[in-house]
Amino acid sequence: MTGEEPLLSVRGLKKHYPTGGGLLSRSSGAVRAVDGVSFDVGRGETLGLVGESGCGKSTAARSVVRLEEPTAGEVIFNGGGRAGASRNDDGTHPNDVTRFGRAELKAFRRDVQMVFQDPTSSFDPRMSVGASIAEPLSVHGLSDRGRRRAIAEDLLERVGLSPGDYGRYPHEFSGGQKQRLAIARALVLNPDLVIADEPVSALDVSVQADVLGLLEEIQSTFGLSVLFISHDLSVVREIADRVAVMYLGEIVEIGPTEAVLTAPEHPYTEALVSAIPTVGPGGKRQEIELTGTVPDPSNPPSGCRFHTRCHAVVQPEGIDLDQSAWRRVLDLRHRLEAGEVDLETVRESIRARTDATGDLDRSTLGTQLRAEFGLPETLSDPVAERELAGSIEALLGGDADAAAERLASTFRTPCEGTAPEFTGHGGGHRSACLRHAPDVPSEPE
């Protein structure tokens, strides 16, 4: 981004959904779908917001336009506009969307439009597509029916359809055509910002390319800003100027698209990038396998939220293991702590895998249990091996709690105790990973 005032500035945005706490219950909690997200969208810029399904990116987008009411945070729109950049006496910002009343919110939604994933559900099957496109003009006060129709017909042509399609109905169009219609309706009020929430994920690949090309053309023609939500980095690479990577309700990396995708600095981004298909002489990159526990957003892990799945999780002082072995030991520890390791189930799995019959002796069972969890027969670090062996002995003796406690006393990463701050990598590229903190030793290869 340049140094000019961003069109949209999101600061500390949260959206929590209450859980439990019924009339007869004293306990309550919250699903932290969005938990302190901050980003800017510049004028004429496309920002891609990416992450796995369920990471909170769509909830963040809906909270920005208040289709979901934010729990906390600020959404400053057009901060350098009519109200200027100064704050009110109480510290609030005059252009904070989260504080808008009905009239201000209606004006804001004229300037900010959304394109959703499923174009079919975006249209009333009983209305012609032309009437659906023109309807926002009527809602916002344009009473001249002829003028509304002329604007809608012009937009139909701009998105690659025909003005003669005005009177046709949604079921008469293909999925790609419906998405073009949805884009036309989003443009009808001449907005400054379009939020596109997975707009091509339901379309065939060839149709995706057409719709992405249309979005780029429309953005150039109208000078739009775009917040583009997607789980597909290959799509984001084609359209976004910058990208923000989201994991479990938080942004973990943000920066220029090529910088983030060419040299990712957060392990989660590395894993996402490794899954992008490659063509040409470079060959297929090695895809990073994410093991470990997928966290519950109502009870996210302490410290770095990615540490339960991270392939580059930091080792504590006194431990020096191959990184893959370190990850597997942590996986075992977390499963023991969650009560997910049942020894009898493990025995049955081993019997099925090895075609063994009868009882397994303790030594064989211990060796096979290591294999079951992807652990080497012996860890390279003597201290780590002693503690792992003791934990396995406790587990084989039927005391899973003692097994978990022994692992927890030795195999505890700094990543679970410290929430990482953002570190700059130049050119507006930032990531939140403990590996980049100055007092954390570099990881073994």
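The sections below set out a description of the structure shown in this document. A quick note: this is a predicted structure, and the numbers were derived from the prediction, not measured.

## Considerations on the overall build of the protein
In terms of regular secondary structure, the protein is built from 14 helices and 11 strands. Oriented by its inertia axes, the alpha-carbon framework of the protein measures out at about 85 × 60 × 55 Å. Among the 445 residues that make up the protein, the fraction classed as buried is 47%. Taking all contacts inside the protein whose residues are at least 6 apart in sequence as the whole, residues at least 24 apart take part in 64%. Counting every atom, the protein has about 21,100 Å² of accessible surface; 47% of that belongs to carbon and sulfur.

## Regarding helix 6 (residues 205–222)
Along its 18 residues, helix 6 runs 26 Å from first to last C-alpha, staying within 8% of the 26 Å computed at 1.5 Å per residue. Taken as a whole, helix 6 has its buried residues at Gln 208, Val 211, Leu 212, Leu 214, Leu 215, Ile 218 and Gln 219. Along the axis of helix 6, the buried residues cluster in a sector spanning 155°; they form a single face. Exposed side chains of helix 6 directed beyond 90 degrees from the buried face belong to Ser 206 and Ser 220. Looking at the buried residues of helix 6, the elements they touch are strand 3 (46–50), helix 4 (145–158), helix 5 (175–187), strand 7 (225–230) and helix 7 (233–239).

## A few points about the packing of aromatic side chains
Applying the stated criterion across every chain yields a total of 6 aromatic pairs. Each ring, one from Phe 77 and one from Phe 108, has its centre 5.2 Å from the other, and the planes form 80°; the classification is edge-to-face. Of this pair, Phe 77 sits in strand 4 (residues 72–77) while Phe 108 sits in helix 2 (residues 102–111), placing them 31 residues apart in sequence. Phe 108 shares its class with Phe 77; the two are buried.

## Some words on the pairing of strand 8 (residues 242–247)
In terms of burial, strand 8 is a largely internal element, 6 of the 6 residues being buried. With burial as the criterion, each face of strand 8 is covered, one bearing Arg 242, Ala 244 and Met 246 and the other bearing Val 243, Val 245 and Tyr 247. As paired elements, strand 3 and strand 8 share 4 bridges and run parallel to each other. The residue bridging Leu 47 from the neighbouring strand is Arg 242, located in strand 8. Pairing between strand 8 and strand 9 (residues 250–256): 6 bridges, direction antiparallel. Bridging across to strand 9, Val 245 finds its partner in Glu 253. With antiparallel pairing between neighbouring strands as the criterion, strand 8 and strand 9 make up a hairpin whose turn holds 2 residues, including Leu 248 at a positive phi of roughly 50°.

## What to know about the pairing of strand 3
By the criterion of burial, strand 3 is predominantly enclosed, with 5 of the 5 residues buried. Both faces of strand 3 are covered, namely the face carrying Thr 46, Gly 48 and Val 50 and the face carrying Leu 47 and Leu 49. Sheet topology note: the strand 3/strand 7 ladder contains 5 bridges and is parallel. Residue pairing across strands places Thr 46 opposite Val 226, the latter belonging to strand 7.

## Focus on the nonpolar core
Core analysis: the biggest nonpolar cluster contains 86 residues, and Phe 228, Leu 388 and Phe 411 have the highest contact counts within it. Filtering out sequence-adjacent residues up to four positions away, Phe 228 remains in contact with Thr 46, Leu 47, Gly 48, Leu 49, Ala 196, Pro 199, Leu 212, Leu 215, Val 235, Val 236 and Ile 239. Counting residues in each nonpolar core, the second largest holds 31 residues, with Val 37, Leu 105, Leu 193 and Met 246 among its members.

## Comments concerning the sheet that holds strand 3
Reading across from one edge, 5-6-7-3-8-9-11-10 is the order of the 8 strands in this open sheet, with mixed pairing throughout. Every other strand in the sheet has two partners, leaving strand 5 (112–115) and strand 10 (422–424) as the edge strands with one partner each. The average angle at which neighbouring strand axes cross in this sheet is 20°, direction not considered.

## A word on the state of the cysteines
Throughout the structure, instances matching the rule amount to 0 disulfides. In this structure Cys 55 is not part of a disulfide, and its nearest cysteine sulfur, from Cys 304, lies 14 Å away.

## Overview of the environment of Asp 197
Along the chain, the position of Asp 197 falls in strand 6 (residues 193–197). Along the primary structure Asp 197 and Leu 227 are separated by 30 residues, whereas in three dimensions their C-alpha atoms are 8.2 Å apart. Once residues within four sequence positions are removed from consideration, Asp 197 is found in contact with Ser 58, Met 114, Val 115, Phe 116, Gln 117 and Ile 229. Within the structure, the side chain of Asp 197 is placed 2.8 Å from the side chain of Ser 58, a separation counted as a polar contact.

## Observations concerning the side chain of His 429
Along the chain, His 429 falls in the loop between strand 10 and strand 11 (430–432). Under the relative-accessibility criterion, His 429 is labelled buried at 5%. Within the structure, the side chain of His 429 is placed 2.5 Å from the side chain of Glu 253, a separation counted as a polar contact.

## Digging into the pattern of salt bridges
Going through the model one piece at a time under the given rule, you end up with 25 salt bridges. A salt bridge links Arg 406 to Glu 387; its shortest N-O distance comes to 2.9 Å. Note that Arg 406 is positioned in helix 14 (residues 400–410) and Glu 387 in helix 13 (residues 382–396), a separation of 19 residues in sequence. Assessed through its relative accessible area of 12%, Glu 387 is described here as buried. Residues joined in a network through salt bridges with shared partners are Arg 333, Glu 337, Arg 412 and Glu 416.

## Regarding the environment of Lys 106
In this fold, Lys 106 is placed in helix 2. Classification of Lys 106 as partly exposed rests on a relative accessible area of 45%. C-alpha separation for the pair Lys 106 and Arg 180, spaced 74 residues apart in sequence, amounts to 24 Å. Not counting residues up to four positions away in its chain, the partners in contact with Lys 106 are Val 139 and His 140.

## A word on the packing of helix 5 against helix 6
Relative orientation of the contacting elements helix 5 and helix 6 amounts to 15°, with a least axis distance of 10 Å. It follows that helix 5 is roughly parallel to helix 6 by the angle criterion. Relative to helix 6, helix 5 is oriented so that their crossing is right-handed. Two secondary-structure elements touch here, helix 5 through Gly 176, Gln 179, Arg 180, Ile 183 and Leu 187 and helix 6 through Val 207, Asp 210, Val 211, Leu 214, Leu 215, Ile 218 and Phe 222.

Rules used in this analysis
Residues numbered from 1 in each chain as written. Predicted model: local features only at pLDDT ≥ 70, side-chain atom pairs only at ≥ 80, totals over all residues. Heavy atoms only, no water. Helix = DSSP H or I, 4+ residues; strand = E, 2+ residues; numbered from the N terminus. Buried < 20%, exposed > 50% of the residue type's maximum accessible area, 1.4 Å probe, protein only. Contact = heavy atoms within 4.5 Å. Areas by Shrake-Rupley, 256 points an atom, 1.4 Å probe, with all protein chains shown as cover. Expected span 1.5 Å × (residues − 1). Arc of directions from axis to C-beta. Phe/Tyr/Trp six-rings, centres within 6.5 Å; stacked < 30°, edge-to-face > 60°. Pairing = 2+ DSSP bridges. Core = buried A, V, L, I, M, F, W, Y, C linked by side-chain atoms within 4.5 Å. Axes fitted to C-alpha atoms, helices over the stretch in contact; angles between N-to-C directions. Disulfide = S-S within 2.5 Å. Polar contact = N/O pair within 3.5 Å; in protein donor to acceptor, adjacent residues only side chain to side chain. Salt bridge = Lys/Arg side-chain N within 4 Å of Asp/Glu carboxyl O. Parallel < 35°, antiparallel > 145°, perpendicular 65-115°, else oblique. Left-handed = near helix turned anticlockwise from the far one by under 90°.

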